[in-house]
Amino acid sequence: MARHSLYETESRPGVGIRAIGRYLPERVVTNAELARTLPTNDEWIRERIGIEERRFSAPNEWSSDLGAKALADACHQMNINVRDVDLVICSTYTPDHMLPNTAAAIIHKAGMPPTPGFDVNSGGCPGQGHCVIGIGPVRRSRE
């Protein structure tokens with residue numbers, strides 16, 4: 001598989017995070033909107049959590065849809081084709097399904113089979129750290 005020149009040196013294959021893609025769903029949900037259905041208010045949320053608004057995906061928009069769009073953004077930042085990506089690691093607290101994994105759905109939606117991938121389904125924010133830890137064995141297996 002072709003690799004971007006930043007990915008490796010002659011003596012050592014490179015593994016790492018080269019870009020972080022992002023995608024935000026269109027629907028903005030404010031604290032005021034939440035307060036209409038939950039026993040809370042804007043001031044309470046802002047003071048304790050610091051959140052003013054969040055994004056909700058559309059009813060027909062899955063985690064894999066968000067992931068495929070974020071992957072496309074990361075590839076755009078690096079000026080590479082999605083087919084140049086060697087591995088997809090998906091960290092999510094909200095997988096599409098347990099099987100098949102969400103990484104497989106992202107790979108399919110991004111049009112990049114037969115690229116391998118796997119999910120790290122850990123609660124909330126720690127998942128991103130677990131993904132970085134998961135890169136180590138991949139790197140060692142390529143050396």
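Undergrad: What exactly am I supposed to notice about the overall build of the chain here?
TA: Counting its secondary structure elements, the chain contains 5 helices and 4 strands. In the chain, the succession of helices and strands from N to C terminus is β-α-α-β-α-β-α-β-α. Across the 143 residues in the chain, those meeting the buried criterion constitute 31%. Looking at the chain alone, contacts between residues at least 24 apart form 69% of all its contacts between residues at least 6 apart.

Undergrad: I'm lost on the side chain of Glu61 in this one. Help?
TA: Mapped onto the secondary structure, Glu61 falls in the loop between strand S2 (53-56) and helix H3 (63-78). Those residues in contact with Glu61 that lie beyond four places of it in its chain are Tyr23, Pro25, Leu66 and Lys69.

Undergrad: What exactly am I supposed to notice about the pattern of salt bridges here?
TA: Here the idea is simple: oppositely charged side chains can pair when their charged atoms come close. Counted by the stated rule, this structure contains 6 salt bridges. Across the salt bridge formed by Asp42 and Arg46, the nearest N and O atoms sit 2.8 Å from each other. Linking Asp42 with Arg46, this pair stays in helix H2 (residues 42-48), spanning 4 residues, or about one helical turn. Looking at Asp42, the relative accessible area reads 28%, which means it is partly exposed.

Undergrad: Would you mind going over the nonpolar core with me for this structure?
TA: One recurring pattern in soluble globular proteins: nonpolar side chains tend to sit buried together. Among the nonpolar cores identified, the biggest contains 14 residues, and Leu71, Cys75, Val85, Val88, Ile106 and Met112 are the most heavily contacted of them. If you list the elements that add at least two residues to this core, you get H3, strand S3 (88-91) and helix H4 (102-110). Non-local contacts of Cys75, meaning those with residues more than four positions away in its chain, are made with Ile80, Asn81, Val82 and Val85.

Undergrad: Can you help me understand a nonpolar patch on the surface in this one?
TA: Taken together, the side chains of Trp44, Ile49 and Ile51 present a nonpolar region at the surface, about 270 Å² in accessible area. Among the structural elements, Ile51 can be located in the loop between H2 and S2.

So, how was this worked out
Residue positions are given per chain, counting from 1 as you read along its sequence in written order. Restriction of local features to residues with pLDDT of at least 70 applies here, the model being predicted, together with a cutoff of 80 or more for giving and counting side-chain atom pairs; totals for whole chains, interfaces and linings are based on all residues. Computation of side-chain values: all heavy atoms of the structure, hydrogens and water removed. Counting from the N terminus, the helices are DSSP H or I runs at least four residues long and the strands are E runs at least two residues long. Residue burial is assigned from relative accessible area. The probe radius is 1.4 Å, only protein chains are included, and a residue is buried under 20% of its type maximum, exposed over 50%, and partly exposed in between. Note on contacts: a residue pair qualifies if any of its non-hydrogen atoms lie within 4.5 Å across the two residues. We count a salt bridge whenever a side-chain nitrogen from Lys or Arg sits within 4 Å of a carboxyl oxygen from Asp or Glu. Note on terminology: a nonpolar core comprises buried Ala, Val, Leu, Ile, Met, Phe, Trp, Tyr and Cys residues joined through side-chain atoms within 4.5 Å. Like-charged residues within 9 Å of one another, or nonpolar side chains (Val, Leu, Ile, Met, Phe, Trp, Tyr) within 5 Å, are grouped into patches, provided each residue has over 30% relative accessible area and no salt bridge. The Shrake-Rupley method, run with a 1.4 Å probe sphere, supplies the accessible areas, and residue values consider only the shown protein chains as cover.

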